[in-house]
Amino acid sequence: MNTRINTRIFNEFPLLETERLLLRQFSLDDTAAFFGIRSNEQVMQYMDSFPFENHNQARQMIEQMNSDYSQQIGINWAIQLLHNQKLIGYIGLWKINYENVRAEIGYSLHPFYWGKGYMKEALHEVLCFGFNQMNAHGIEASVNPNNRASIALLKKIGFSKEAHFRENYYFNGNFVDSLIYCINESDF
Ligand SMILES: CC(C)(COP(=O)(O)OP(=O)(O)OC[C@H]1O[C@@H](n2cnc3c(N)ncnc32)[C@H](O)[C@@H]1OP(=O)(O)O)[C@@H](O)C(=O)NCCC(=O)NCCS
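Residues numbered from 1 in each chain as written. Predicted model: local features only at pLDDT ≥ 70, side-chain atom pairs only at ≥ 80, totals over all residues. Heavy atoms only, no water.

K.L.:
How do you make sense of the overall build of the protein chain when you look at a structure like this?
P.N.:
Counting secondary structure elements, the protein chain contains five helices and eight strands. Along the protein chain, helices and strands appear, N-terminal first, in the series β-β-α-α-α-β-β-β-α-β-α-β-β. In summary, the protein chain has a C-alpha radius of gyration of 16 Å against a globular reference of 16 Å for 188 residues, a match within 12%. Across its three principal axes, the protein chain shows a C-alpha extent of roughly 45 × 40 × 30 Å. Burial status across the protein chain gives 47% buried among its 188 residues. Nonlocal contacts in the protein chain, meaning residues at least 24 apart in sequence, comprise 63% of its contacts between residues at least 6 apart. Summed over all atoms, the accessible surface of the protein chain reaches about 10,100 Å², with 45% contributed by carbon and sulfur. Within the protein chain, one finds 16 positive and 20 negative side-chain charges whose respective centroids are separated by 5 Å. (Helix = DSSP H or I, 4+ residues; strand = E, 2+ residues; numbered from the N terminus. Rg over C-alpha atoms; globule rule 2.2 N^0.38 Å. Buried < 20%, exposed > 50% of the residue type's maximum accessible area, 1.4 Å probe, protein only. Contact = heavy atoms within 4.5 Å. Areas by Shrake-Rupley, 256 points an atom, 1.4 Å probe, with all protein chains shown as cover. Lys, Arg positive; Asp, Glu negative; His and termini not counted. Charge placed at Lys NZ, Arg CZ, Asp CG, Glu CD.)

This is how it looks when you write it as structure tokens:
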């Protein structure tokens, strides 16, 4: 049983590879592609966060993600297609909770690439990393109850619903519900 997060994962950024994808660190060269994802209305529909309006916001978030890695708070990967090097999305283990040996996961893909099994492939690889290299005991996701695609993906990969918080998130003048889905190392 994992009882302590392995901080050696912060010695060198962990590159992950699957059959079709490379998961790598973001760089500022990704600003335009990342902006294309975070400014897309379909992507942002259930994210309870405003779409980006300019490249500067994308640049700042890339810098934040890389600074989180340096500070050993989180790891965010750019998801790139192996065959043409295109950046199609991102996935991250953030809010690493050292005390309780857990982390939160988040992800998005550009809609052009939805429904092709890419996120299932990336998520499976990141969970392998989370449980076998980072040594998390549990990983959780917070999802808007209307986000059917994300809920379907989490269930397919073995997450189960552990909480429904009513109106616990204030966004854009409304209180929004959150579902918490979790997976523990023994479930994976
Ligand atoms: C959630 C998201 C990443 C899913 O990515 P995806 O690559 O389309 O998902 P996959 O193709 O890997 O599908 C995984 C499983 O979920 C199911 N699924 C995907 N989209 C679905 C949908 N709209 N409705 C029902 N099931 C869906 C698929 O059937 C698949 O199962 P299968 O392999 O047995 O067919 C994508 O919709 C997205 O980026 N959404 C916007 C950002 C977002 O909401 N992020 C999550 C915040 S919590």
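K.L.:
What is the right way to read the sheet that holds strand β2 (residues 21–24) from this model?
P.N.:
Pairing between the strands of a sheet is mediated by backbone hydrogen bonds and can be parallel or antiparallel. One open sheet accounts for eight strands, arranged β1-β2-β3-β4-β5-β6-β8-β7; its pairing is mixed. With one partner strand each, in any of the chains shown, β1 (16–17) and β7 (160–171) form the two edges of the open sheet. Pairing between β2 and strand β3 (residues 75–81): four bridges, direction antiparallel. Bridging across to β3, L21 finds its partner in L81. Along the sheet face, helix α4 (residues 118–132) touches β1, β2, β3, β4 (87–97), β5 (102–109), β6 (138–143) and β8 (174–184) and points at about 30° away from the line of β4. (Pairing = 2+ DSSP bridges. Axes fitted to C-alpha atoms, helices over the stretch in contact; angles between N-to-C directions.)

K.L.:
Which parts of the structure should I look at to understand the packing of aromatic side chains?
P.N.:
The geometry of an aromatic ring pair comes down to the distance between the two centres and the angle between the two planes. Throughout the structure, instances matching the rule amount to twelve aromatic pairs. Note on F50 and F171: the rings are 4.7 Å apart at their centroids and 50° apart in plane angle, and the pair reads as tilted. One end of the pair, F50, is in the loop between α2 (41–44) and α3 (55–70); the other, F171, is in strand β7, with 121 residues separating them in the sequence. Site record: aromatic cluster; members linked through ring pairs are F10, F13, Y69, W77 and F129. Sitting above the plane of the F52 ring, R38 keeps its charged end 5.3 Å from the centroid. (Phe/Tyr/Trp six-rings, centres within 6.5 Å; stacked < 30°, edge-to-face > 60°. Lys NZ or Arg CZ within 6 Å of the ring centre and 35° of its normal.)

K.L.:
Even after reading the chapter, I still don't get the side chain of Q80, so can you show me in this structure?
P.N.:
By the element assignment, Q80 lies in strand β3. Excluding its chain neighbours within four sequence positions, the residues that come into contact with Q80 are R20, L21, L22, R24, Q85, K86 and L87.

K.L.:
I would appreciate a short explanation of the site of the ligand in the present structure.
P.N.:
Lining the immediate surroundings of the ligand are 19 residues, of which Y107, L109, G115, G117 and N147 lie closest. A distance of 3.4 Å is found between an oxygen atom of the ligand and a backbone nitrogen or oxygen belonging to K116. For the ligand, an oxygen atom lies 2.9 Å from a polar atom in the backbone of K120. Taken by itself the ligand offers 930 Å² of open surface, and the protein chains cover 75% of this. Taken together, the elements giving at least two residues each to the shell around the ligand come down to β5, α4 and α5 (148–157). Residue contributions to the shell around the ligand peak at five residues, all from α5. (Near = heavy atom within 4 Å. Polar contact = N/O pair within 3.5 Å; in protein donor to acceptor, adjacent residues only side chain to side chain.)

K.L.:
In this structure, what is going on with the pairing of β5? I would like to understand it.
P.N.:
The side chains of a regular strand alternate, residue by residue, between the two faces of the sheet. The buried count for β5 comes to eight of eight residues, which makes it a mostly enclosed element. Side-chain alternation along β5 places R102, E104, G106 and S108 on one buried face and A103, I105, Y107 and L109 on a second face that is also buried. Here β4 runs beside β5; their pairing, made up of seven bridges, is antiparallel. Along β5, the bridge assignment pairs G92 with G106. Following β4, the chain reverses through four residues before pairing antiparallel with β5; V101 in that reversal takes a positive phi of roughly 60°. Relative to β6, β5 runs parallel, the two being bridged by three bridges. Paired with R102 across the two strands is G138, which belongs to β6. At this point the chain moves from β5, through α4, to the parallel β6, and the crossover so formed is right-handed. (Right-handed = clockwise from strand over helix to strand, strands pointing away.)

K.L.:
Sorry, what's going on with the nonpolar core here?
P.N.:
Within soluble globular proteins, side chains that are nonpolar tend to cluster in buried spots. In this structure, W77, I91, I105, L123 and F159 are the most contacted members of the largest nonpolar core, which totals 43 residues. Of all elements in the fold, only β2, β3, β4, β5, α4, β6, α5 and β8 reach the threshold of two or more residues within this core. Counting 13 residues, the second largest nonpolar core, distinct from the first, contains I37, F52, A58 and I62. (Core = buried A, V, L, I, M, F, W, Y, C linked by side-chain atoms within 4.5 Å.)

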